[in-house]
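Residue strings, one per chain:
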Amino acid sequence: MSVVKSTLPEADLKVVGEALQGALVDLVDLSLVAKQVHWNVVGPRFRSVHLQLDDVVVTARQHSDTVAERSSAIGVNPDGRSTTVSEATAIREVPAGWVKDVDAVRILVDALGVVIGRMRERITATGDPDPITQDLLIGLTAELEKHAWMFQAESA
C-alpha cells in the first residue's frame, strides 16, 4: 500500500527509489562508522581527528534525513532499520577496540571512498528519471568529497 502517489512513471520510480534507498543505507552506516571511530580514537592527533569525525556524523545524519524524506515524498518507503543497513552496506566493518588516529583516518578515507563511489553511480542513474533527486545526490556527494579531502590531507 502506498499512501503517497508519485508523478514519476513506475520504471523511473523504481530506479529513483533504489538510488535513494541505497543512499540512505550508505549514510546511516557512514554515521555509525564515524561515531564508532570517534568514541575509540586515540593518539597524538586525537582531538583534531575526534572533532573531524563528528563533522562527518553531522553531515551523514542531516543528509540521511533529507534522502529519507525525498523517498517518502515520491511514495517510496525509506528503510533505515539496522538489519537493512547491515545487509546492504558496502562499508567495511570497524574493528573492535581502540583505534589509533592514523588508522581512524584510513578507515574514514576508505569508508568515504566507498560511499562517494556509490553516490556517483546514483547521480548518473537518476539524471534522466528524476533531476530533483539527482540534484540532492550531487549536493550531498560534494559535502562527502570535502570530508574525504580533509581526511586524505590528514594522512599526507
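A quick note: this is a predicted structure, and the numbers were derived from the prediction, not measured.

### Side note on the layout of surface pockets
Right, so step 1: If you add up the space inside the largest pocket, you get close to 250 Å³.
Right, so step 2: Lining the largest pocket are 13 residues, with D29, L32, V33, E93 and V94 sitting closest to its centre.
Right, so step 3: Considering every element that reaches the lining of the largest pocket, the biggest residue donor is helix α1 (residues 10-40), with five residues.
Right, so step 4: For the lining of the largest pocket, a count of residues per class yields six nonpolar, four polar and three charged.

### Some details on the nonpolar core
Right, so step 1: In this structure, L30, L108 and L144 are the most contacted members of the largest nonpolar core, which totals 43 residues.
Right, so step 2: Elements with a minimum of two residues in this core: α1, α2 (46-73), α4 (101-126) and α5 (131-154).
Right, so step 3: The biggest single contributor to this core is α1, with twelve residues.
Right, so step 4: Setting aside chain neighbours within four positions, we find L108 in contact with L30, A34, V37, L53, V56 and F151.

### Examining the pattern of salt bridges
Right, so step 1: Following the criterion strictly, the structure yields ten salt bridges and no others.
Right, so step 2: Salt-bridge contacts for R81 lead to D79; the nearest nitrogen and oxygen are separated by 2.8 Å.
Right, so step 3: D110 serves as the salt-bridge partner of R106, at 3.8 Å between the closest nitrogen and oxygen. Remark: D110 and R106 occur in helix α4; sequence separation between them is four residues, near one turn of the helix.
Right, so step 4: The class of R106 is partly exposed, set by a relative accessible area of 41%.
Right, so step 5: Here the residues in one salt-bridge network are D26, R118 and R122, joined through shared partners.

### Description of the side chain of S71
Right, so step 1: For S71, the location among the structural elements is in helix α2.
Right, so step 2: Overall, S71 belongs to the buried group, its relative accessible area being 2%.
Right, so step 3: Non-local contacts of S71, meaning those with residues more than four positions away in its chain, are made with L20, V76, N77 and P78.

Cut-offs and rules
Residues numbered from 1 in each chain as written. Predicted model: local features only at pLDDT ≥ 70, side-chain atom pairs only at ≥ 80, totals over all residues. Heavy atoms only, no water. 1 Å grid on protein atoms, 1.4 Å probe; cavity = no way out; pocket = protein on both sides within 12 Å on 5 of 7 lines; lining within 4 Å. Points joined across faces, edges and corners; volume = space filled by probe spheres on them. Helix = DSSP H or I, 4+ residues; strand = E, 2+ residues; numbered from the N terminus. Nonpolar A, V, L, I, M, F, W, Y, C, P; charged D, E, K, R; others polar. Core = buried A, V, L, I, M, F, W, Y, C linked by side-chain atoms within 4.5 Å. Buried < 20%, exposed > 50% of the residue type's maximum accessible area, 1.4 Å probe, protein only. Contact = heavy atoms within 4.5 Å. Salt bridge = Lys/Arg side-chain N within 4 Å of Asp/Glu carboxyl O.

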